[in-house]
Amino acid sequence: MTLSPFSYPFLDWLRAQILQYATPEISAENLFDTRTLDILERIRKSLAGSLGYCAVLDLPQAESVEEKEDTWALLHRISVTLTILRGPLCKTDTTAIAETLYRYFLTRHFQATPGLFAPDVYCGPFRAEMDAAGNTHHYFTISASTDITL
């Protein structure tokens, strides 16, 4: 058996889209995804660093978009939450970064991408919170459909 995650193509595509569209505000140095083993340490260093903010692509989630009774339901919606984290001393307006990325994914019609069933992506609601340490979190979920057939 060959191990082959079906969510990685979407996660890789999201990462590439963000790096292409949001540079220089979001770059390879401050965009993390949960495949990185030391992600918590990287986030901590990024919030304490010169920029004071970072972006995180969360663990992918998957659910069938076909009838629940269908045991061969292979069309799935893959969802990833994008969070922009800002430390309490950060001077950058991360609300603008997060809202711009939200609008980008919500309003675009993307080209068909290998590994994705549909070129369109869907966004969940945009949310913002502040934690007890004074860190701001702006986040939303980005989803697309894919056929998980081997």
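Everything below is about the structure printed above this text.
The rules behind these values
- Residues numbered from 1 in each chain as written.
- Predicted model: local features only at pLDDT ≥ 70, side-chain atom pairs only at ≥ 80, totals over all residues.
- Heavy atoms only, no water.
- Phe/Tyr/Trp six-rings, centres within 6.5 Å; stacked < 30°, edge-to-face > 60°.
- Helix = DSSP H or I, 4+ residues; strand = E, 2+ residues; numbered from the N terminus.
- Buried < 20%, exposed > 50% of the residue type's maximum accessible area, 1.4 Å probe, protein only.
- Salt bridge = Lys/Arg side-chain N within 4 Å of Asp/Glu carboxyl O.
- Contact = heavy atoms within 4.5 Å.

*Asks:* Run through the packing of aromatic side chains, naming residues and quoting values.
*Replies:* Centre-to-centre distance and the angle between the planes together describe a pair of aromatic rings. Applying the stated criterion across every chain, the model contains seven aromatic pairs. Measuring from centroid to centroid gives 3.9 Å for Y21 and Y104, while their planes differ by 15°, and the two rings are stacked. Of the two residues, Y21 is situated in helix α1 (residues 8–22) and Y104 in helix α3 (residues 94–107); the sequence distance between them amounts to 83 residues. With relative accessibility at 7%, the residue Y104 sits in the buried group.

*Asks:* So what about the pattern of salt bridges? Which residues, and what values?
*Replies:* Applying the stated criterion across every chain, the model contains six salt bridges. Of the charged contacts, one joins D12 and R35 as a salt bridge, the two residues approaching to 2.7 Å between their closest N and O atoms. Taken together, the residues D12 in helix α1 and R35 in the loop between β1 (31–33) and α2 (39–48) connect sequence positions 23 residues apart. Several salt bridges converge on common partners, so that one network encompasses D12, D33 and R35.

*Asks:* Outline the environment of Q17, listing residues and values.
*Replies:* Looking at where Q17 falls in the secondary structure, it is placed in helix α1. Each C-alpha atom of the pair Q17 and M1 lies 31 Å from the other, and the pair is 16 residues apart in sequence. Excluding its chain neighbours within four sequence positions, the residues that come into contact with Q17 are Y104, F105 and F110.

The quantities given are spatial measurements derived from coordinates; they are silent on function.
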